[in-house]
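Here is what each chain is made of, one letter per residue.
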Amino acid sequence: DQQVKQNSPSLSVQEGRISILNCDYTNSMFDYFLWYKKYPAEGPTFLISISSIKDKNEDGRFTVFLNKSAKHLSLHIVPSQPGDSAVYFCAASLGNTGKLIFGQGTTLQVKP
Amino acid sequence: NAGVTQTPKFQVLKTGQSMTLQCAQDMNHEYMSWYRQDPGMGLRLIHYSVGAGITDQGEVPNGYNVSRSTTEDFPLRLLSAAPSQTSVYFCASRRGQAGNTIYFGEGSWLTVV
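Q: Can you explain the overall build of chain A? Please cite residues and give values.
A: Each helix and strand in chain A was counted, giving zero helices and 11 strands. Walking chain A from its N terminus toward its C terminus, one meets helices and strands in the order β-β-β-β-β-β-β-β-β-β-β. Against the compact-globule benchmark of 13 Å for 112 residues, chain A has a radius of gyration of 13 Å, which places it among compact chains. Taken along the three principal axes of its C-alpha coordinates, chain A extends 40 × 30 × 20 Å. Counting across all 112 residues of chain A, residues that qualify as buried make up 46%. Expressed as a percentage of contacts within chain A between residues at least 6 apart in sequence, the contacts between residues at least 24 apart total 54%.

And the structure:
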């Protein structure tokens with residue numbers, strides 16, 4: 001049972017435009033949500049996070065939106081750059097256990 | 001600053017062999033975990049630990065053992081390797097609270113033939 005789902009395996013956008021990556025979850029007990037970026041042959045690196053008590057968090061070109069009623073979060077990248085091309089994973093942290101559950105990932109390609 | 005260090009980086013095993021993937025962190029992080037990455041499956045949690053002497057199962061624990069005798073080390077043992085365990089394995093660590101950044105190692109590529 002996949003508790004964190006990224007239903008779009010891939011996304012292609014033009015440089016300078018907005019990239020929107022989506023993530024859905026099923027467990028209402030998740031208390032933190034995080035986005036990670038991964039390049040080939042490297043470990044994932046942290047991008048941005050949001051607490052379940054907030055609905056938006058912004059860091060430079062990256063903004064994460066959380067809609068708790070829909071159990072949905074999204075990552076907006078504006079403007080998109082070719083260097084943003086990578087696999088993006090959303091993850092959710094489960095309460096006191098601290099377990100971090102990841103989605104399947106979305107491969108973003110930003111075309112020059 | 002070494003961060004999270006995994007060894008070996010590459011390994012080929014025969015079916016039925018056992019081996020240990022090593023993971024060490026030098027950041028005094030309480031939380032450590034192991035993930036495997038497979039195409040279309042994302043990162044799946046194998047085992048995790050919230051401190052020395054404490055371990056728990058993740059999403060896909062079967063066929064793997066862990067122990068946490070020190071804060072720094074969190075080895076992952078494959079008891080009897082199977083081709084289904086061919087994967088890329090990532091170790092990760094985090095300081096305390098759930099909202100803190102989790103740091104990943106560079107990965108260990110394991111092939112079971």
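Q: Which residues make up the side chain of Lys-38 of chain A, and what are the values?
A: Examined against the element boundaries, Lys-38 of chain A turns out to sit in strand β4 (residues 30-38). No salt bridge is formed by the buried Lys-38 of chain A; its nearest oppositely charged neighbour, Glu-42 of chain A, is found at 7.7 Å. Looking at Lys-38 of chain A, its side chain comes within polar contact range of the main-chain oxygen of Glu-42 of chain A, at 3.1 Å. Non-local contacts of Lys-38 of chain A, meaning those with residues more than four positions away in its chain, are made with Gly-43, Pro-44, Ala-86, Val-87 and Phe-89 of chain A together with Gln-37 and Phe-90 of chain B.

Q: Tell me about the nonpolar core, and please be specific about residues and values.
A: Trp-35, Leu-75, Tyr-88 and Phe-102 of chain A together with Tyr-35 of chain B are the most contacted members of the largest nonpolar core, which totals 41 residues. Among the elements that make up this core, the one with the highest residue count is strand β9 (residues 86-94) of chain A (seven residues). The residues contacting Tyr-35 of chain B, other than those within four sequence positions of it, are Leu-100 and Phe-102 of chain A together with Leu-43, Arg-44, Leu-45, Ile-46, Val-88, Tyr-89, Phe-90, Ala-92 and Phe-104 of chain B. Counting residues in each nonpolar core, the second largest holds 19 residues, with Leu-21, Ile-46, Tyr-64 and Val-112 of chain B among its members.

Q: Please set out the interface of chain B and chain A residue by residue, giving values where relevant.
A: Between chain B and chain A, the residue contacts involve 23 residues of the former and 22 residues of the latter. The interface formed by chain B and chain A holds zero salt bridges in total. Seen at the junction of chain B and chain A, the total is two residue pairs in polar contact (both at pLDDT 80 or more). At the level of secondary structure, the elements contributing two or more residues to the side of chain B that touches chain A comprise β4 (31-38), β5 (42-51), β9 (87-94) and β10 (102-104) of chain B. Tallying contributions element by element places β5 of chain B first for the side of chain B that touches chain A, with five residues. Taken together, the residues of the side of chain B that touches chain A sort by class into 12 nonpolar, eight polar and three charged.

Q: Account for the state of the cysteines, with residues named and values stated.
A: All names here are of chain A. For the coordinates displayed, the defined rule picks out two disulfides over all chains. A disulfide bridge connects Cys-23 with Cys-90, and the sulfur atoms are separated by 1.9 Å. Here the S-S torsion is close to 55°, and the disulfide linking Cys-23 with Cys-90 is therefore right-handed. Here the residue Cys-23 occupies a position in strand β3 (residues 19-25), and Cys-90 occupies one in strand β9, the gap between them amounting to 67 residues. Residue classification places Cys-23 among the buried residues on the basis of a relative accessible area of 1%.

Q: So what's going on with the packing of aromatic side chains? Residues and values would help.
A: All names here are of chain A. Applying the stated criterion across every chain, the model contains 14 aromatic pairs over all chains. Ring centres of Phe-30 and Phe-33 lie 6.2 Å apart, and the angle between their planes is 80°; on these two criteria the pair is classed as edge-to-face. For Phe-30, a relative accessible area of 3% gives the class buried. Residue Phe-33 is classed as buried on the basis of its relative accessible area, which comes to 1%.

Q: I'd love a proper account of the sheet that holds strand β1 (residues 4-7) of chain B, names of residues and values included.
A: Residue and element names in this part refer to chain B. One open sheet accounts for four strands, arranged β1-β3-β8-β7; its pairing is antiparallel. Lying at the two open borders of the sheet, with one neighbouring strand each, are β1 and β7 (64-66). Across the sheet, the axes of successive neighbouring strands diverge by a mean angle of 20°, strand direction being ignored.

Thresholds applied
Along each chain, residues carry numbers from 1 onward, in the same order as the chain's sequence is written. Starting at A for chains and at 1 for ligands, labels are handed out in the order in which the entities are written. Local features are withheld for residues below a pLDDT of 70 in this predicted model, meaning they are given only at 70 or higher, and side-chain atom pairs are given and counted only at 80 or more; totals for whole chains, interfaces and linings count all residues. The side-chain figures draw on all heavy atoms in the structure; neither hydrogens nor water molecules are used. Each helix is a run of DSSP H or I of at least 4 residues and each strand a run of E of at least 2, with the numbering of both proceeding from the N terminus. Each radius of gyration is computed over the set of C-alpha atoms, and the globule rule expresses the reference value as 2.2 Å times the number of residues to the power 0.38. With a 1.4 Å probe rolled over the protein chains alone, any residue whose accessible area is under 20% of its type maximum counts as buried; one over 50% counts as exposed, and the rest are partly exposed. It only takes one pair of heavy atoms within 4.5 Å for two residues to be counted as in contact. Charge counting treats Lys and Arg as positive and Asp and Glu as negative, with His and both chain ends excluded. The salt bridge criterion pairs a side-chain nitrogen of Lys or Arg with a carboxyl oxygen of Asp or Glu, the two atoms within 4 Å. Polar contact is defined as a pair of N or O atoms within 3.5 Å, subject to the rule that within protein one atom must be able to donate a hydrogen and the other to accept it, and that residues adjacent in sequence are counted only when both atoms are side-chain atoms. Side-chain atoms within 4.5 Å are what join buried Ala, Val, Leu, Ile, Met, Phe, Trp, Tyr and Cys residues into a set we call a nonpolar core. Residue classes follow a fixed rule: Ala, Val, Leu, Ile, Met, Phe, Trp, Tyr, Cys and Pro count as nonpolar, while Asp, Glu, Lys and Arg count as charged, and any other residue, Gly among them, counts as polar. Throughout, a disulfide means two cysteine sulfur atoms within 2.5 Å of one another. Planes of paired rings set the category: under 30 degrees apart is stacked, over 60 is edge-to-face and the rest tilted, where pairs are Phe, Tyr or Trp rings (Trp by its six-membered ring) whose centres lie within 6.5 Å. DSSP-based pairing: two strands are paired if at least 2 bridges between them are found. Each axis is a line fitted through C-alpha atoms, and for a helix only the stretch in contact is used; angles between axes span 0 to 180 degrees, taken between their N-to-C directions.

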